[in-house]
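Take a look at the letters that make up each chain.
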Amino acid sequence: MNVKIEPSWKQHLGAEFAKPYFAQLAQTVRQEYATTTCYPPGREIFNAFNLCPFDQVKVVIIGQDPYHEPGQAEGLCFSVKPGVPFPPSLQNIFKEIADDLKRPMPADGSLVRWAQQGVLLLNATLTVRAHVANSHSRIGWQTFTDAVIQTLARERSHVVYMLWGGYARGKAWMIDRQHNLVLESVHPSPLSANRGGWFGNHHFSRCNAYLQQNGLQPIDW
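**What about the sheet that holds strand β5 (residues 160-164)?**
Whenever strands of a sheet pair, they do so through backbone hydrogen bonds, lying parallel or antiparallel.
Then comes step 1: Strand order across the open sheet formed by four strands is β3-β2-β5-β6, with parallel pairing between neighbours. On the outer flanks of this sheet lie β3 (119-123) and β6 (181-185), each paired with one strand and no other. Shown here is a sheet whose adjacent strand axes are inclined to one another by a mean of 20°, direction ignored.
Then comes step 2: Pairing geometry for β5 and β6, over five bridges, is parallel. Looking at β6, one finds that Y161 is bridged to V182.

Structure, rendered in structure tokens:
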């Protein structure tokens, strides 16, 4: 199947695109976008990959599925388009960065700048029907994104995996901890973060320290 995705990812994931489940997934996504309102825009479904080539991945952050209200999703987990108010989880992410790295809150919630530095902002499900959270969670995306994580874990080392909340932490078994750094905590959503375990986790400084220890440029969070 000819999937429009950044060339290095196409090379490493070619076997997935040739599997029957992916053909069925693609057909379902096309039908959903043709008959209902879905997010993100079709051209941004693979934004996480297009902005962060395979060999440039330094950090992986795993989300669940895209924002499902108009104008929010841009194909990057936790990220919203410029001008959109910060969703609560993103606001808590920025608060932790401010405390951890003594950085001011950013002007907007777009994380394109992270992706361009090597942060793969991967939702487990890459599309969603408008106003219905997790509406595409059972159409095959998770088979694909699990394959993405396994491919990275197998072929790349010294990558930092940030696993926030029970869902993302459930992916930890795929990652070789001897050759990568796995940082786990509760989810940054207010429901979880306010119970303790999010604020003060220092994931962002710990990530940068690990990257520097391995001769890599830290992320400008």
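**Quick look at the side chain of T125**
Then comes step 1: Structurally, the position occupied by T125 is in the loop between β3 and β4 (128-129).
Then comes step 2: Polar side-chain contacts of T125 include one of 3.5 Å to the side chain of Q142.
Then comes step 3: Ignoring sequence-local partners within four residues, the contact set of T125 consists of Q64, D65, P66, H136, S137, W141 and Q142.

**Comments concerning helix α9 (residues 203-213)**
Then comes step 1: All of the buried residues along α9 are H203, F204, C207, N208, Y210 and L211. All buried residues of α9 project into a common sector of 160° when viewed along the axis, lining one side. Opposite the buried face of α9, by more than 90 degrees, sit the exposed residues Q212 and Q213.
Then comes step 2: In this structure, the buried residues of α9 make contact with β2 (59-63), α4 (88-101), α5 (112-115), β5 and β6.

About the cut-offs
- Residues numbered from 1 in each chain as written.
- Predicted model: local features only at pLDDT ≥ 70, side-chain atom pairs only at ≥ 80, totals over all residues.
- Heavy atoms only, no water.
- Pairing = 2+ DSSP bridges.
- Helix = DSSP H or I, 4+ residues; strand = E, 2+ residues; numbered from the N terminus.
- Axes fitted to C-alpha atoms, helices over the stretch in contact; angles between N-to-C directions.
- Polar contact = N/O pair within 3.5 Å; in protein donor to acceptor, adjacent residues only side chain to side chain.
- Contact = heavy atoms within 4.5 Å.
- Buried < 20%, exposed > 50% of the residue type's maximum accessible area, 1.4 Å probe, protein only.
- Arc of directions from axis to C-beta.

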